[in-house]
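An overview of the molecular structure
Each chain, letter by letter, is given below.
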Amino acid sequence: FDQKGEQTKLIESTFKVDESKKRARDLNQILPERAELTPRRRQDIDAIILLSRPQNARQLKPLFAFYYAGDIPVFATSTIYDGKTDKVKDQDLNGIVFTDLPWILNRTNFLKSQLHTKQPDLSKQYDRLFALGADAYLLAPRVSIFSKISSVAFSGNTGLLKMSNQRKIQRTLDWAIFSQGEAKPAPGI
């Protein structure tokens, strides 16, 4: 979004609230007395998939509620969370469900805390790559086991890892939800 107000116009038109407002204006021109009409959003939306950085998401989520879509579940990618807790700013993200690496969501990871202590500037920029490197190091000696036993899974820093029949490593990310301005694990989603 380049200009202020672009988000508002986009959300209003996407939810077709602008059309509802137009119908209300048209109706009020026909009726002898002014009627108090509440705009409605379109009713064919089951969920919202949000591909956004935190800065934009903090503006979009309240707009969803303002345009009568506060009851629609919102799912996001890991780009919505930068790994830093900001309970004040992230209040606007409450209720958003997203996936991310266990490395990012787990605050008690010993290796992660050591890297953050010894390399604070690098860890901010390359945190997800550090998780990948840690998993590569831990996974390398286990590849032969993975190839022999198809049901073996490894709980790594980048997710639950297992090998497919095509000998490719697959991973399943953890689910999280923003609650009280904080990203919290959301098991069972």
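Figured I'd write up the structure that's included with this text.

Brief notes about the sheet that holds strand β6 (residues 169-172)
If you walk across this open sheet you meet the three strands as β4-β5-β6, and the pairing is antiparallel. Single-partner strands in this sheet number two, and they are β4 (153-155) and β6. In this sheet, neighbouring strand axes are inclined to one another by 25° on average, regardless of whether the strands run parallel or antiparallel. Here four bridges tie strand β5 (residues 160-163) to β6, and the two strands are oriented antiparallel to one another. Residue pairing across strands places K162 opposite Q170, the latter belonging to β6.

Let's talk about the nonpolar core
Judged by nonpolar contacts, the single largest core of 29 residues is most densely connected at F15, L50, F64, I80 and F98. Taken together, the elements giving at least two residues each to this core come down to β1 (48-50), α3 (54-66), β2 (74-76), α4 (102-105), α6 (120-139) and β7 (174-179). It is α3 that provides the largest number of residues to this core, a total of four residues. In contact with F15, not counting residues within four places along its chain, are R41, R42, I45, I48, F64, Y67 and A69. L139, F154, L161 and M163 belong to the second-largest nonpolar core, a separate cluster that totals five residues.

What about unusual backbone geometry?
At R167, a residue that is not glycine, the phi angle is positive and equals roughly 65°. Relative to the helices and strands, R167 is located in the loop between β5 and β6. Judged by relative accessible area, R167 falls into the exposed class, the value being 54%. Phi at Q180 is positive, roughly 55°, even though this residue is not glycine. When you line up the elements, Q180 lands in the loop between β7 and β8 (182-185). In this structure Q180 comes out as exposed when scored by relative accessible area, which is 55%.

Analysis parameters
- Numbering of residues begins from 1 in every chain and follows the order in which that chain's sequence is written.
- Residues qualify for local features only when their pLDDT is at least 70, as the model is predicted, and side-chain atom pairs are given and counted only at 80 or more; totals for whole chains, interfaces and linings, by contrast, use all residues.
- Calculation of side-chain values draws on the structure's entire complement of heavy atoms; hydrogens and water are dropped beforehand.
- Strand pairing is assigned whenever DSSP identifies at least 2 bridges connecting the two strands.
- Under the DSSP-based scheme used, a helix requires at least four consecutive residues in state H or I and a strand at least two consecutive residues in state E, with every element numbered from the N terminus.
- Angles run from 0 to 180 degrees between N-to-C directions of axes, and those axes are lines fitted to C-alpha atoms, restricted for helices to the stretch in contact.
- Residues grouped as a nonpolar core are buried Ala, Val, Leu, Ile, Met, Phe, Trp, Tyr and Cys residues, joined through side-chain atoms within 4.5 Å.
- Burial here depends on accessible area, computed with a 1.4 Å probe over protein chains only, as a share of the maximum for the residue type. Under 20% is buried, over 50% is exposed, and the range in between is partly exposed.
- The criterion used for residue contact is that any of the two residues' heavy atoms lie within 4.5 Å.

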